[in-house]
Amino acid sequence: IMRVYRIDGPPSNWAFVSQYWDDRGMGSLALKGDALYVGGNYHGLLVFDVSNPSAPLAAPTEIPLTHSVSAVRVKDGLLVAGGYEGQLSFFDVSSPRSPVLRYTRTDPNNDVPIIAITIAPGRVYATSGVNIFKLDTTQPTYPLLQSIRMEDGAGRIGQIDVLGDRLLVGGVDRILRMVSR
């Protein structure tokens, strides 16, 4: 179930607006303009038009994929969907409600879910909890994939983001590190 709430003012004033139910499960989401991208336990990505505030979760468009989606991130004209078996699918979202799949990459040494993705100019970083994947997106048809295993006491990685020339690595073990990229 995915629900939408109006959050004007303090939490006591929040109000339920609508919901969308799908028995396949939904988890990860990203928003670009009036397009909401949702991934879950099915082989595809749902795209909702959220331009109508009174009915933000009308019937979605389903974009089929060869994998389930565990993480979604969008920035500018690029959407990246991470899979439960380590896949990374890249979409052109220059037309936000009509994403176009460009390619899917899989690290043959990683078969665990992608749990976090961040997008920087010319690069995408993703993590499966222990590995960090760096993809050079300046190659428009098939980005170069590099894998880095974090085995130096960093703990399990929960989130990643980019700050200038540093990669922020947040661990679920309460560790925050800055890694030079």
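Since the structure is predicted, the reported quantities are computational estimates derived from the model, not experimental observations.

Caption draft 1: Representation of the sheet that holds strand β3 (residues 26-32) in the model. A sheet is described by the order of its strands in space; here four strands give the open sequence β3-β4-β5-β6, paired in antiparallel fashion. On the outer flanks of this sheet lie β3 and β6 (61-64), each paired with one strand and no other. Along the sheet, successive strands turn relative to each other by an average axial angle of 25°, direction set aside. Relative to strand β5 (residues 44-49), strand β4 (residues 35-40) runs antiparallel, the two sharing five bridges. Bridging from a neighbouring strand, Val 38 pairs with Leu 46 of β5.

Caption draft 2: Inspection of the environment of Ile 119 at higher detail. The residue Ile 119 is located in strand β11 (residues 116-120) in this model. For Ile 119, a relative accessible area of 9% puts it in the buried group. Separated by 41 residues in the primary sequence, Ile 119 and Ile 160 have C-alpha atoms spaced 9.8 Å apart. Residues in contact with Ile 119, not counting those within four places in the same chain, are Arg 73, Val 74, Lys 75, Leu 78, Val 80 and Val 124.

Caption draft 3: The arrangement of the sheet that holds strand β9 (residues 87-92) in detail. Read across the open sheet, the four strands follow the order β7-β8-β9-β10; overall the sheet is antiparallel. If you trace the sheet from one side to the other, it starts and ends with β7 (69-75) and β10 (100-106), each paired once. Recorded for the sheet is a direction-independent mean angle of 20° between the axes of neighbouring strands. Where strand β8 (residues 78-83) and β9 come together, five bridges link them in antiparallel fashion. Paired with Val 80 across the bridge in β9 is Phe 90.

Caption draft 4: Representation of the pairing of β4. Of all six residues that make up β4, six are buried, and the element is covered over most of its length. Every second residue of β4 is oriented toward a common face, with Ala 35, Tyr 37 and Gly 39 on one face and Leu 36, Val 38 and Gly 40 on the other, all of them buried. Counted between consecutive antiparallel strands, the loop separating β3 from β4 contains two residues, among which Gly 33 sits at a positive phi close to 60°. Hairpin connection between β4 and β5: a loop of three residues separates the two successive antiparallel strands.

Caption draft 5: Inspection of the environment of Leu 88 at higher detail. Looking at the secondary structure, you find Leu 88 in strand β9. A relative accessible area of 2% means that Leu 88 is categorised as buried. With 36 residues separating them along the chain, Leu 88 and Val 124 place their C-alpha atoms 9.9 Å apart. Setting aside chain neighbours within four positions, we find Leu 88 in contact with Val 80, Ala 81, Gly 82, Tyr 103, Thr 104, Arg 105, Ile 114, Ile 117, Ala 126 and Leu 135.

Cut-offs and rules
Residues numbered from 1 in each chain as written. Predicted model: local features only at pLDDT ≥ 70, side-chain atom pairs only at ≥ 80, totals over all residues. Heavy atoms only, no water. Pairing = 2+ DSSP bridges. Helix = DSSP H or I, 4+ residues; strand = E, 2+ residues; numbered from the N terminus. Axes fitted to C-alpha atoms, helices over the stretch in contact; angles between N-to-C directions. Buried < 20%, exposed > 50% of the residue type's maximum accessible area, 1.4 Å probe, protein only. Contact = heavy atoms within 4.5 Å.

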